[in-house]
Amino acid sequence: MSEKINFQAEVGKLLDIMINSIYSERQIFLRELISNASDACDKLHYLCLTNPEIGKTAGEMKIKITPNIEEKNLTIEDNGIGMNKDDLITHLGTIAKSGTADFVKNVKENGSAMDLIGQFGVGFYSAFMVAEKVEVTTRKAGEEKAYCWTSNGVEGFEITDAKRESNGTSIKLYLKEDAKEFLDSIYLRQIIRLYSDHIDYPIVLDLGKAGEETVNTGSALWAKNKAEITDDQYKEFYHHISKNFDDPWLRLHFKAEGNIEYTGLLYIPSEQPYDLFQPDKKQGLKLYVNKVFISDKVEELLPTYLRFVKGVIDSADLSLNISREMLQQSPLIAKIKQGTVSRLLKELKKRSENADDYAKFWSAFGAAFKEGIYEDMSNRNEVAELSRFISTNDPEKLTSLDEYISRMQPEQKSIYYITGDDVKTLMNNPQLEAFKAKGIEVLLLTDPIDEFWPQVLTTYKEKAIKHISQADEDLKVERNEPKAEEGSLDKLTHFMADILKEEVGKVESTDKLTKSPVSLTVENGQMSIHLERLMRNHQQQTAFASTRILEVNPYHPLIIKLSEMIHEDKNKAKIEEITRLLLDQAKIAEGEAITNPSFYTEKMGEYMLFGLNETDKAV
Ligand code: ADP
């Protein structure tokens, strides 16, 4: 029985890159295959705990590497969980991960596939960097039938029935002409020690007549004494569990003692993974009970705002038979989580003292970390203290809330912020004019989460945190300039409100503007314009649109002129036209689309030409 199946299109593209564009560091294929073999052993180990029937048949688990010099092939064998036919088709023919398209695109753009291979979990396919043909013979634990999967990595693969004594997987690589160095046992030993020393199962090198040799030292790294672990070992372990290739930005190895005892070895990567903001991506730590692997990606061990933390938690106080459902309700797990979070926050606080170093962490993970202000009620203030922001003080630099407070004006009572799409547009938002005039700093917030955390963190160190639209007396600017006359201004705002009634709820005079004639805002307490835009972009229906307010600057010559015109009942048609143009300008400054762009451009063209002709006349 044999069946030919084509690769999913994305796998095809990936293999094409593997085969045709990667020539350096090819040796990592071995680490990837050993890592898969080790995962397969972990899975069987766990299955044995919950299903003693299978436990009986499983022998001692190990990974065996056999170079066959005569036939020029290399076999990586494990006696782990194995795969049945369905597993083979789904795991070695498609890529379930949503990031593969990104991967392929990234490689095309940046040219460097190496850094991305592990991160995107495409490990198995790296075999095709060194092999012209790959043969996978496998039998799943608890099942009778074995299968052989064969492919040359081009179009697809073939599955045939096969024979295999017991559960597990052998991967035979028919090495390419230029990859014969992977038959050399000295070189193999060196690669295994370098990349896979910490693997929990013995990695045995078959030396033919000279017998077998266990190459790795393989004890659970986290259980060792810190003093016995080298930086390189810590780093390799990080690469193994995170499947990342960067250097970790932070490493935290600790032992908690007290009511419950547990060990943690945690890392924060230095680079942002491509899927940090993909909600369906499963994150979390590896859980061990007394060095026995229990589960991967245990989300219950960390809050989601710390989802970028990688690592291992091991506690002898948990039951070996703990199931996924039990994890969710376990008070012990909840305690471990609490303790781990406070250790991480403490460590971040230490690292935050070096601003440049901390900025690296912040640019990679800040937008996720800030979610903690919203999410983590018990550590809200700590997370806020560790958060960094861009502000009008210096848009090139990050500031903490404490630094902001140290710069507050003597009479200033609140911390102010504005939200929007990007710092540049925000810097030029007319709503900031009075703040600038008074030297009051404003936080410029551009992440989606920034719309939410200020709703729960309404004060920090006794200072209110307010959106600029809620500015209080802080912002009264004393002015001696000419101003539109009260009565006419009133008439003008009424007139404008009537014309714009489809689009704005109110037209009001304001003291907040110093340069612009008008600006757009919303009623106090309503959803900000930026949030509305975000929701629209995510195709979420907004239940209601906030009432827009068009604010008018009574000191602006244009507004003074319009007030005079309306007072004298002159040229209403012109006032109407300018009113519409002013609303368009206010929208543009806010980052909103205007309703009738062709009207806007046509009219602006007319006014520009008129202006130029006037200048000519004056010369
Ligand atoms: P990843 O390991 O990141 O999931 P891979 O492409 O390396 O991605 O492997 C895909 C899947 O194939 C694995 O998740 C696993 O289910 C299966 N697999 C690979 N190697 C083995 C093996 N030696 N034993 C059992 N299953 C394996």
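These lines cover the structure that appears in this document, whether it is placed above or below. It should be emphasised that the depicted structure is a prediction, and the values quoted were computed from it without experimental measurement.

Attention shifts here to the pattern of salt bridges. For the structure on display, the rule yields 40 salt bridges. Measuring nitrogen to oxygen at the nearest pair gives 3.7 Å for the salt bridge that ties Glu181 to Arg26. Remark: Arg26 occurs in the loop between helix H1 (9–21) and helix H2 (28–50) and Glu181 occurs in the loop between strand E7 (168–175) and helix H7 (185–196); sequence separation between them is 155 residues. What makes Glu181 partly exposed here is its relative accessible area of 34%. Ionic contacts of the salt-bridge type, sharing partners, join the residues Asp421, Glu532, Arg533, Arg548 and Glu592 into one network.

Looking now at the packing of aromatic side chains. For the structure on display, the rule yields 25 aromatic pairs. Between the aromatic rings of Trp149 and Phe157, the centroid separation amounts to 5.5 Å while the plane-to-plane angle is 25 degrees, which identifies the pairing as stacked. For Phe157, a relative accessible area of 3% puts it in the buried group. Here the aromatic rings of Trp222 and Phe237 are separated by 5.9 Å at their centres, their planes lie at 50 degrees, and the arrangement is tilted.

For the pair helix H18 (residues 486–499) and helix H20 (residues 557–567), interaxial distance at closest approach is 8 Å and the crossing angle is 90 degrees. As judged from the angle between their axes, H18 and H20 are roughly perpendicular. Touching Ser488, Leu489, Lys491, Leu492 and Phe495 of H18 are Ile559, Leu562, Ser563, Ile566 and His567, all from H20. Looking at side-chain class alone, the contact of H18 with H20 contains six nonpolar, three polar and one charged residues.

One open sheet holds the five strands; their spatial order is E10-E11-E14-E12-E13, and the pairing between them is mixed. The two strands at the open ends of the sheet, each matched to only one other strand, are strand E10 (250–256) and strand E13 (292–298). Across the sheet, the axes of successive neighbouring strands diverge by a mean angle of 15 degrees, strand direction being ignored. In this sheet, E13 lies alongside strand E12 (residues 285–289) in antiparallel orientation, the contact comprising four bridges. Of the residues in E13, the one forming a bridge with Leu287 is Ser295. Here H2 sits on the sheet and contacts E12 and E13; the angle it forms with E13, its principal contact strand, is near 110 degrees. Sheet contacts for helix H8 (residues 231–242): E10, strand E11 (262–268), E12 and strand E14 (310–314); angle to E11, the most-contacted strand, approximately 80 degrees.

This part takes up unusual backbone geometry. With a phi close to 55 degrees, Lys72 is a non-glycine residue in the positive phi region. Assignment of secondary structure puts Lys72 in the loop between strand E2 (63–68) and strand E3 (73–78). Looking at Lys72, the relative accessible area reads 39%, which means it is partly exposed. Despite not being glycine, Asp569 has its phi angle at roughly 60 degrees, a positive value. Position of Asp569 relative to the elements: it lies in the loop between H20 and helix H21 (572–590).

Glancing now at the sheet that holds strand E23 (residues 548–552). Pairing within the open sheet is mixed, and its three strands lie in the order E21-E23-E22. The sheet is open, and its two edges are formed by strand E21 (506–509) and strand E22 (518–522), each paired on a single side. Averaged over all pairs of adjacent strands, the angle between their axes in this sheet comes to 30 degrees, without regard to strand direction. As paired elements, E21 and E23 share four bridges and run parallel to each other. Bridge pairing in E23 places Val507 opposite Leu550. In the packing of H18 onto the sheet, contacts are made with E21 and E23, and the angle to E21 comes to roughly 155 degrees.

As a packed pair, H20 and H21 sit with axes 10 Å apart at the nearest point and diverge in direction by 150 degrees. The angle between H20 and H21 falls in the class roughly antiparallel. Remark: the crossing between H20 and H21 carries left-handed chirality. Two secondary-structure elements touch here, H20 through Leu558, Ile559, Leu562, Met565 and Ile566 and H21 through Lys572, Ile575, Ile578 and Leu582. For the contact of H20 with H21, the residue count by class is eight nonpolar, no polar and one charged.

For the rest of this paragraph, the subject is H7. For H7, with 12 residues, the first-to-last C-alpha span of 15 Å sits near the 16 Å given by 1.5 Å per residue. Within the sequence span of H7, burial applies to Leu188, Ile191, Ile192, Tyr195 and Ser196. Considered in projection along H7, the buried side chains sweep an arc of 100 degrees and stay on one side of the axis. In H7, the exposed positions that point more than 90 degrees away from the buried face belong to Ile186, Gln190 and Leu194. For H7, the elements touching its buried residues are H2, E2, E3, strand E8 (203–206) and H8. One side-chain oxygen of the residue at the start of H7 lies 3.0 Å from the amide nitrogen of Ile186, identifying that residue as Asp184.

Before going further, it helps to spend a moment on a nonpolar patch on the surface. A surface patch of nonpolar side chains, about 220 Å² in accessible area, is lined by Tyr374, Phe452 and Val456. Mapped onto the elements, Phe452 comes out in the loop between strand E18 (442–445) and helix H17 (453–456).

Right, let's talk about the pairing of E11 for a bit. By the criterion of burial, E11 is predominantly enclosed, with seven of the seven residues buried. Here E11 shows two buried faces, one formed by Tyr262, Gly264, Leu266 and Ile268 and the other by Thr263, Leu265 and Tyr267. By the bridge criterion, seven bridges tie E10 to E11 in an arrangement that is antiparallel. Note on E11: the bridge partner recorded for Arg251 is Tyr267. The antiparallel hairpin formed by E10 and E11 contains five residues in its connecting segment, where Gly258 sits at a positive phi of about 135 degrees. Relative to E14, E11 runs antiparallel, the two being bridged by five bridges. By the bridge assignment, Leu265 is partnered in E14 with Val312.

Further remarks concern the pairing of strand E5 (residues 146–151). One face of the sheet, then the other: side chains in a regular strand alternate in exactly this way. The buried count for E5 comes to five of six residues, which makes it a mostly enclosed element. Sheet topology note: the strand E4 (residues 131–139)/E5 ladder contains six bridges and is antiparallel. Within E5, the position partnered with Thr137 by the bridge is Cys148. The hairpin formed by E4 and E5 contains six residues between the paired strands, and Gly142 there has a positive phi angle of roughly 85 degrees. Relative to strand E6 (residues 156–162), E5 is paired through five bridges, and the arrangement is antiparallel. What sits directly across from Ala146, in E6, is Ala162. Hairpin geometry of E5 and E6 is characterised by an intervening segment of four residues between the two adjacent antiparallel strands and by a positive phi of about 75 degrees at Gly153.

Cut-off values and rules
Residue numbers restart at each chain and count upward from 1, following the sequence in its written direction. Given that this is a predicted model, residues contribute local features only at a pLDDT of at least 70 and side-chain atom pairs are listed and counted only at 80 or more, while totals for whole chains, interfaces and linings are drawn from all residues. Neither water nor hydrogens contribute to the side-chain values; these are computed over all heavy atoms in the structure. Salt bridges are counted wherever a side-chain nitrogen of Lys or Arg sits within 4 Å of a carboxyl oxygen of Asp or Glu. A helix here means a DSSP run of H or I that spans at least four residues, while a strand means a run of E at least two residues long, and both kinds are numbered starting from the N terminus. We call a residue buried when its accessible area falls under 20% of the maximum for its residue type, exposed when it is over 50%, and partly exposed in between, using a 1.4 Å probe and counting protein chains only. Put simply, two rings from Phe, Tyr or Trp (the six-membered ring, in Trp's case) pair if the centres are within 6.5 Å, and we call them stacked under 30 degrees between planes, edge-to-face over 60, tilted for the rest. Axis definition: a line fitted to C-alpha atoms, over the contacting stretch in the case of helices. Angles run 0 to 180 degrees between N-to-C directions. The labels follow the angle: roughly parallel below 35 degrees, roughly antiparallel above 145, roughly perpendicular from 65 to 115, and oblique for the rest. Working rule for contacts: check all heavy atoms of both residues, and any pair within 4.5 Å makes them a contact. All amino acids are sorted into three groups, where Ala, Val, Leu, Ile, Met, Phe, Trp, Tyr, Cys and Pro are nonpolar, Asp, Glu, Lys and Arg are charged, and the leftover types, Gly among them, are polar. Strand pairing requires that DSSP identify at least two bridges connecting the strands. Left-handed describes a crossing whose near helix is turned anticlockwise from the far helix by less than a right angle; the clockwise case is right-handed. Here a helix's expected span is defined as the number of its residues, less one, multiplied by 1.5 Å. The arc in question is the one traced by the directions running from the helix axis out to the C-beta atoms. Here a polar contact means two N or O atoms within 3.5 Å. Within protein one must be a hydrogen donor candidate and the other an acceptor candidate, and residues neighboring in sequence count only if both atoms are side-chain atoms. Each patch groups residues whose relative accessible area exceeds 30% and which form no salt bridge, using 9 Å between like charges and 5 Å between nonpolar side chains of Val, Leu, Ile, Met, Phe, Trp and Tyr. Accessible surface area values rest on a Shrake-Rupley calculation with a 1.4 Å probe, where residue burial reflects the displayed protein chains alone.

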